[in-house]
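Coordinates in review
Single-letter residue listing:
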Amino acid sequence: GPIPSIVLGAVHHMTNVLCQNGTAIKGILIVKKLITRACSPGILSSLHSDLLQLCLAAKLPSPALPFLDTHITDITTTEDIDVQHILQYFYYGGCIYSSLSNFPRALHFFEMCLSVPAQQTSVIQVAAYQKAVLVTLILGRCKPNHLILSRPYFSLFGAEGNAEKLAASIAQMTPTLEKHDNLGLAKQALESVREREIAKFHDTFVSLKLSSLASHLKLTVAEIEKRIGKMINCSQFPAQICKKEGVLWMETETQDPEESLEQVKAALVTSMNSYNKAKELNTALSLNPRFLARMVELGPNKDPSGASSSYFPAHGRTTHEKDQFKKKIIDLLEME
């Protein structure tokens, strides 16, 4: 059943105290049991952020994974959950996945944190943006399509694809990265860029001297050999190293057609489920009288949540179009 608000407040306070005292592990089982008792799978409550915070502080991510791997489809109605708890859930979730090197999932959580509507940009969202930039560099993805919430971090994209430039930028930003506890992610981003630079040679050459590769990337032969050996062991770079001759021999990579087909099928099922859920939520929102009334009050070019208008640019509608928009909203309200 629903947990009384006084109990929720006590749990939030307990979480903060345990994390400050370095005894976060003591609260994990308590909060986990409360969530299991009060919430169905896929329902987000304020207790979820407490559990993730405790797991992060205790450096024990495993108890949080069942609540992160389950897709959130709704927010609990048994409590008045604050937007801060939603932001914390996605931010802490991204941090946990980053600690486990599950960077695609980490980036998803950071982007979800950035997508939560708010009246003003939160400190949590700024921190999520900073980590999202570094995780994006690790994955080699395109620049995130968000407002620039941190210029120093955004400037790292200027060195994208060039390990030498990125190393110089990271060295310059080291005090800032250490202050934000992001130096580890930055170093991983640099390693990923270097590995992608090495991987580009696979499709170009059949064989390549390690000394030539080291000279091109401005690294020592020993460093190149160590990096390529690591990539080969992780099945990221199909090749063989001939240490006697100091030559790297490329191999062709093959993929099982049946495995590829299963991956496509799984992706299609996930996409269809997400589409159907989004359609249901959109229908429910379009028939909500409070939401429609808020739309009429603010007009067609503003966000009903009160978020900054820079997230929702105007579309240059005429006065006549605005009047027609308001009329449609009023008609829908009358139908209710």
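Scroll up to find the structure this text is about.
Quick look at the structure, then. In this text, all values refer to a predicted model and were calculated from it rather than measured experimentally.

So, the nonpolar core
- Membership of the largest hydrophobic core comes to 61 residues, with the highest contact counts inside it found for L47, L68, Y91, F110, L166 and L177.
- Looking at this core, the element that brings in the most residues is helix α7 (residues 123-139), giving 10 residues.
- Not counting chain neighbours up to four residues away, the residues in contact with L68 comprise L52, Y89, G93, I96, Y97, R105 and F109.
- Judged by nonpolar contacts, the second largest core, of 15 residues, contains F201, L210, L219 and F237.

Re the layout of surface pockets
- Reported here for the second largest pocket is a volume of approximately 470 Å³.
- Lining the second largest pocket are 20 residues, and of these L56, C95, S99, K131 and D181 lie nearest its centre.
- It is helix α5 (residues 83-99) that provides the largest number of residues to the lining of the second largest pocket, a total of 5 residues.
- Residue composition of the lining of the second largest pocket, by class: 10 nonpolar, 7 polar and 3 charged.

Describing empty space enclosed by the protein
- Scanning the model with the defined rule gives 1 cavity of 30 Å³ or more in all.
- Its boundaries defined by the atoms lining it, the largest cavity holds a volume of some 70 Å³.
- Along the walls of the largest cavity sit P2, I3, L8, A38, C39, S45, L47, T76, T78 and E79, which together make up its complete lining.
- Looking at the lining of the largest cavity residue by residue, the classes come out as 6 nonpolar, 3 polar and 1 charged.

Observations regarding the packing of helix α10 (residues 183-199) against helix α12 (residues 221-233)
- One way to put it is that α10 packs onto α12 with a least axis distance of 11 Å and a crossing angle of 85 degrees. Looking at the two axes, α10 sits roughly perpendicular to α12. Together, E191, R194, E195, I198 and A199 of α10 and I224, R227, I228, K230 and M231 of α12 make up the contact between the two elements.
- Looking at the contact of α10 with α12 residue by residue, the classes come out as 5 nonpolar, no polar and 5 charged.

Structural notes on the state of the cysteines
- The tally for this structure, following the rule as stated, stands at 0 disulfides.
- We note that C19 lacks a disulfide partner, and the nearest cysteine sulfur, in C55, lies 9.6 Å from it.

What about the pairing of strand β4 (residues 239-242)?
- Here β4 runs beside strand β5 (residues 247-250); their pairing, made up of 4 bridges, is antiparallel. Each bridged residue has a counterpart across the sheet, and for C242 the counterpart in β5 is V247.
- Linking two consecutive strands that pair antiparallel, namely β4 and β5, is a turn of 4 residues; a positive phi of about 70 degrees is found at G246 within it.

Considerations on the environment of N102
- Summarising the element assignment, N102 is placed in the loop between α5 and α6 (103-115).
- Note on N102: relative accessible area 32%, which makes it partly exposed.
- N102 sits 33 residues away from V135 along the chain, and the two C-alpha atoms are 9.9 Å apart.

Regarding the packing of aromatic side chains
- Per the stated rule, a full pass over the model turns up 7 aromatic pairs.
- Geometrically, the ring pair formed by Y91 and F110 is tilted, given 6.1 Å between the ring centres and 50 degrees between the ring planes. Of the two residues, Y91 is situated in helix α5 and F110 in helix α6; the sequence distance between them amounts to 19 residues.
- Classification of Y91 by relative accessible area gives buried; the value is 16%.
- Look at F154 and F157: their rings are 5.8 Å apart centre to centre, the planes differ by 70 degrees, and that puts the pair in the edge-to-face class.
- We classify F157 as buried; its relative accessible area is 4%.
- Through pairs of rings, three or more aromatic residues link up here, namely Y89, F90, Y97 and F109.

Rules behind the numbers
- In this numbering scheme, every chain counts its residues from 1 along its sequence in written order.
- It should be noted that, the model being predicted, local features are given only for residues of pLDDT at least 70 and side-chain atom pairs only at 80 or more, the latter also being counted only at that level, while totals for whole chains, interfaces and linings use all residues.
- With hydrogens and water set aside, each side-chain value is computed from the structure's full complement of heavy atoms.
- We define a nonpolar core as any set of buried Ala, Val, Leu, Ile, Met, Phe, Trp, Tyr and Cys residues linked to one another through side-chain atoms lying within 4.5 Å.
- The rule is simple: take the accessible area with a 1.4 Å probe, protein chains only, and divide by the maximum for that residue type; under 20% is buried, over 50% is exposed, in between is partly exposed.
- Working definition: helices are DSSP H or I runs of at least four residues, strands are E runs of at least two. Numbering for both runs from the N terminus.
- By the convention used here, residues are in contact when the closest approach between their heavy atoms is within 4.5 Å.
- A cavity here means a set of 1 Å grid points, computed over protein atoms only, where a 1.4 Å probe fits but cannot escape. A pocket is an open set with protein on both sides within 12 Å along at least 5 of 7 lines, and lining residues have an atom within 4 Å of a point.
- Grid points are joined across faces, edges and corners, and a volume is the space filled by probe spheres set on the points.
- Each residue gets one of three labels, nonpolar for Ala, Val, Leu, Ile, Met, Phe, Trp, Tyr, Cys and Pro, charged for Asp, Glu, Lys and Arg, and polar for the others, Gly among them.
- Axis definition: a line fit to C-alpha positions, over the contact stretch in the case of helices; interaxial angles, taken between N-to-C directions, run 0 to 180 degrees.
- Roughly parallel refers to an angle under 35 degrees, roughly antiparallel to one over 145, roughly perpendicular to one between 65 and 115, and oblique to any angle outside these ranges.
- Our working definition of a disulfide is a cysteine sulfur pair at a distance within 2.5 Å.
- Here a strand pair is declared whenever DSSP counts at least two bridges between the two strands.
- We call Phe, Tyr and Trp rings a pair once their centres come within 6.5 Å, taking the six-membered ring for Trp, and we label the pair stacked below 30 degrees between planes, edge-to-face above 60, and tilted otherwise.

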